[in-house]
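Spelled out, the chains give:
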Amino acid sequence: MAEQRRSDAQAHEPTAADIEEERISFQKIVNTFALYRQYGYTMVRRLQTQYERISERHRELLPNYRLKLSGLLNAVECNAQFVNQFIVDAASVFGPEDANVEEENQIEEEADSKQHLSSSSASLESNTKTEEPTDTHRVDDQHPHPCSDQKHDSSSHHSLDGDAFRLPQDDRLQPTASDMSKLKSTIRQFVRDWSAEGAKERELCYGPLVEVLTKTYPPEIRRNIRVLSPGSGLGRLPWEVAKLGFSSQGNEFSFFMLIPSNILLNCISEPHSHKIYPYIHSSSNIMEVQDQLRPVTIPDVSPRDLPPGSDFSMCGGEFVEVYGAQLSAWDCVLTPFFIDTAHNVITYVETIYDTLKPGGIWVNQGPLLYHYEDMSGEPSLELSYEEIRHIILKTGFSMVEEQRRSCPYTSDGRSMFQVVYECIFFVAV
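Residues numbered from 1 in each chain as written. Predicted model: local features only at pLDDT ≥ 70, side-chain atom pairs only at ≥ 80, totals over all residues. Heavy atoms only, no water.

## Thoughts on the overall build of the protein chain
Reasoning step 1: When helices and strands are counted, the protein chain shows 14 helices and 11 strands.
Reasoning step 2: Looking at the protein chain residue by residue over its 429 residues, the buried ones come to 49%.
Reasoning step 3: Split by element, the accessible area of the protein chain, about 20,800 Å² in all, is 50% carbon and sulfur. (Helix = DSSP H or I, 4+ residues; strand = E, 2+ residues; numbered from the N terminus. Buried < 20%, exposed > 50% of the residue type's maximum accessible area, 1.4 Å probe, protein only. Areas by Shrake-Rupley, 256 points an atom, 1.4 Å probe, with all protein chains shown as cover.)

As structure tokens, then:
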């Protein structure tokens, strides 16, 4: 049966066209990183334009609005400097040629950034009427640079014009609104996985899975217990599993997650050494201005704080393609917020079954918000939990535990808008 399943899901050998498609996808993501500062400045410019369009009497009712715009501008710059590290790291994933953002763009961006950061204009002027204002903002001593925890030029002057990054002429390499949305989601994911603010959400999402592990496997045998965490995003769950003494591997498909996670896990050692502003990208459902402008420091712990001899790794690639041939290789598979990312969830169930050793455990928690449901041209089999449960049992699993659990996902606890999923939690063997 396992042979038939592998045949059904067998991936063809990558062709030159496949490799080129992946290269284009990768470069498009790198371009998205490069475009973030420009995107953020455009966001602030739009807010300023709307403010300037209202009457003077109405502007007088908002005496601190320009200060808020200044705060947003500083936050964009801080985020951009953090995101720019992803571009540098991209070269270590596919090599300098594939990760190259056009050289002239890089040179112009660096020169333009230095010019902006040394500008001496004092404030966001109130008399700007153009659609693309050219004023700059200077942060005074009472408002220190928001990224002062990071190692970079902490000059406090930023232009509202944005940088000189130019979109590539090849339409295939141009970031879309969806790409930028994924990058913003990645920034929020840092809060969930690697900040003190995300601890409560991690406890709700990862806690039940970790509890099953610790109750099932005593400390003295954990180093021989292999635990796989597919769809592991920025890597906090497999890191926590490794910290408990297990042999742990995370798997992730998205470069939006793989590149940042590589930086965090391999290049950052000091807790609270980086500051980001994850809540600036939306101006809706905000109670207080400071809720939107509040920074979050990451990571909350040192990613290198693992026991000596720990076996911890991250593997990039599509889950079925990477693990479909690894028969009876893992003792436990953990899938929080994962199974609804499949084109065909049946292949996920079968791959998990085949990759587990006899008596192995599958622990799941998550909703069924199918990732490809509204994507044109993408296959997507959307099943109810009733149907999935039937498939799980037919595949050969036995259900040990099932229950509904409430869990948020990358939530802002101060927002007026809250989403909480009623997740299905189960343990199957």
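## Quick notes on the sheet that holds strand β8 (residues 330-336)
Reasoning step 1: Spatially, the seven strands line up as an open sheet ordered β7-β4-β3-β8-β9-β11-β10, and their pairing is mixed. The open sheet terminates on both sides in strands that have one partner only, identified here as β7 (312-316) and β10 (399-408). Taken pair by pair, the neighbouring strands of this sheet meet at an average axis angle of 20°, ignoring direction.
Reasoning step 2: Inspection of the sheet shows β8 paired to strand β9 (residues 356-366) by six bridges, in the parallel sense. Considered in β9, the bridge of Leu-334 is made with Val-363.
Reasoning step 3: Helix α9 (residues 236-243) contacts β3 (226-230), β4 (247-252), β7 and β8 of the sheet and is inclined by roughly 175° relative to β4. (Pairing = 2+ DSSP bridges. Axes fitted to C-alpha atoms, helices over the stretch in contact; angles between N-to-C directions. Contact = heavy atoms within 4.5 Å.)

## Notes on the state of the cysteines
Reasoning step 1: One pass over the full model with this rule turns up zero disulfides.
Reasoning step 2: Lacking any disulfide linkage, Cys-423 is separated from the closest cysteine sulfur, that of Cys-407, by 5.0 Å. (Disulfide = S-S within 2.5 Å.)

## Some remarks on the pairing of β4
Reasoning step 1: The element β4 is largely enclosed, with a buried count of six among its six residues.
Reasoning step 2: Side chains of β4 alternate between two faces, with Ser-247, Gln-249 and Asn-251 and Ser-248, Gly-250 and Glu-252 buried alike.
Reasoning step 3: Direction of pairing for β3 relative to β4: parallel, over a ladder of five bridges. By the bridge assignment for β4, Val-227 is matched with Ser-248.
Reasoning step 4: Tracing the backbone out of β3, into α9 and back to the parallel element β4 gives a crossover that is right-handed.
Reasoning step 5: Where β4 and β7 come together, five bridges link them in parallel fashion. Across the sheet, residue Asn-251 finds its bridge partner in β7, namely Cys-315. (Right-handed = clockwise from strand over helix to strand, strands pointing away.)

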